[in-house]
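Notes for the structure review
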Amino acid sequence: MDCLFCKIISGEIPSKKIYEDASSVGFLDINPANPGHTLVVPKRHSENIFDADDESLKGAIVAVKKVTSMIKERTGCQGVNIVQNNGKAAGQIVSHVHFHVIPRNQGDSVVISYPRKQTDEKELDDMASKLTRKKSAALDEEIMREMGRL
Ligand code: 5GP
Ligand code: ZN
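The structure contained in this document is the topic of the report that follows. (Residues numbered from 1 in each chain as written. Chains lettered and ligands numbered in written order. Predicted model: local features only at pLDDT ≥ 70, side-chain atom pairs only at ≥ 80, totals over all residues. Heavy atoms only, no water.)

**Describing the coordination of the zinc ion (ligand 2)**
Bound to the zinc ion (ligand 2) on the protein side are Cys3 (SG), Cys6 (SG), His45 (ND1) and His96 (ND1), at distances that span 2.0 to 2.3 Å. Angles of 103 to 116° at the metal separate the 4 donor atoms of the zinc ion (ligand 2), which places the site in the tetrahedral class. Between consecutive donors of the zinc ion (ligand 2), the numbers of intervening residues give the motif C-x2-C-x38-H-x50-H. In this pair, Cys3 is assigned in the segment before helix 1 (4-10) and His45 in the loop between strand 3 (38-42) and helix 2 (54-75), connecting sequence segments 42 residues apart. (Donors = N, O, S within 2.8 Å, 3.2 Å for Na, K, Ca; no water. Tetrahedral: all angles 85-135°; square planar, octahedral: opposite > 155°, others 65-115°. Helix = DSSP H or I, 4+ residues; strand = E, 2+ residues; numbered from the N terminus.)

**Regarding the site of ligand 1**
In the region of ligand 1, 16 residues are neighbours, and Asp29, Gly91, Ile93, His98 and His100 sit closest. Within the backbone of Leu28, a nitrogen or oxygen atom sits 2.9 Å from a nitrogen atom of ligand 1. With the chains in place, 82% of the 520 Å² that ligand 1 exposes on its own is no longer accessible. Only helix 1 and strand 2 (24-28) provide two or more residues apiece to the shell around ligand 1. With 3 residues, the top contributor of residues to the shell around ligand 1 is helix 1. (Near = heavy atom within 4 Å. Polar contact = N/O pair within 3.5 Å; in protein donor to acceptor, adjacent residues only side chain to side chain. Areas by Shrake-Rupley, 256 points an atom, 1.4 Å probe, with all protein chains shown as cover.)

**Some details on the packing of aromatic side chains**
Considering all chains together, one arrives at 1 aromatic pair under this definition. Ring geometry for Phe5 and Phe27: centres 5.3 Å apart, planes at 75°, overall edge-to-face. Residue Phe5 is found in helix 1, and its partner Phe27 is found in strand 2; the two are separated by 22 residues along the sequence. On the basis of relative accessible area, Phe5 is assigned to the buried category, the value being 5%. On the basis of relative accessible area, Phe27 is assigned to the buried category, the value being 2%. (Phe/Tyr/Trp six-rings, centres within 6.5 Å; stacked < 30°, edge-to-face > 60°. Buried < 20%, exposed > 50% of the residue type's maximum accessible area, 1.4 Å probe, protein only.)

**Some words on the pairing of strand 5 (residues 99-104)**
Most of strand 5 is tucked away: 6 of the 6 residues are buried. With burial as the criterion, each face of strand 5 is covered, one bearing Phe99, Val101 and Pro103 and the other bearing His100, Ile102 and Arg104. Bridge analysis of strand 3 against strand 5 gives 3 bridges, and the strand direction is antiparallel. Bridge assignment links Leu39 to a residue of strand 5, and that residue is His100. With 5 bridges joining them, strand 4 (residues 79-83) and strand 5 adopt antiparallel strand pairing. Its bridge partner being in strand 5, Gly79 is matched across the sheet by Arg104. (Pairing = 2+ DSSP bridges.)

**Focus: a nonpolar patch on the surface**
Among the surface-exposed residues, Leu139, Ile143 and Met147 lie close enough to one another that they form a single nonpolar patch of about 280 Å² accessible area. Structurally, Leu139 can be placed in helix 4 (residues 138-146). (Patch = residues over 30% accessible without salt bridge, like charges linked within 9 Å, V, L, I, M, F, W, Y side chains within 5 Å. Salt bridge = Lys/Arg side-chain N within 4 Å of Asp/Glu carboxyl O.)

**Thoughts on the pattern of salt bridges**
The tally for this structure, following the rule as stated, stands at 7 salt bridges. Across the pair Lys58 and Glu55 runs a salt bridge whose closest N-O atoms are separated by 3.4 Å. Of this pair, Lys58 and Glu55 both sit in helix 2, 3 residues apart, roughly one helical turn. Of the charged contacts in the structure, one is a salt bridge between Asp108 and Arg104, with a shortest N-O distance of 2.9 Å.

Spelled out as structure tokens, the structure:
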């Protein structure tokens, strides 16, 4: 498959791997936001979070937690951002699902920013019902069941 991160996982393309387990790999981002910026990827290819299987995602988030601890211990950073982009509109460049682990320190130059909008009770209610409106799709049913609404 012609996928950059699949090639990094297999070793066909070199990378600075800092973590590996049965289902995930962690390697240093080639253009780090801060030193130690790491990408954690499931070994099984999927383009984004919508396509990824649950097992891969569960494995990846546990790997993210371990990598986060490693980075915090070894760099002494004060905080960490976990960033995960899906789709071009959301800033995804590489089409293999990945989690950014970005070490942070007070006053560093990294900016992760979005404008916060004003809203009101009605708008929030409308959105909540739009997002939870009962439909026939299996996914909706599953979500409603988990929320105790079925
Ligand atoms: P995205 O914008 O898709 O969420 O992030 C992709 C990330 O992959 C970027 O932060 C970019 O620096 C990193 N990246 C792109 N090409 C390579 C590469 O060949 N090797 C490594 N280690 N990272 C890469
Ligand atoms: Zn891939």
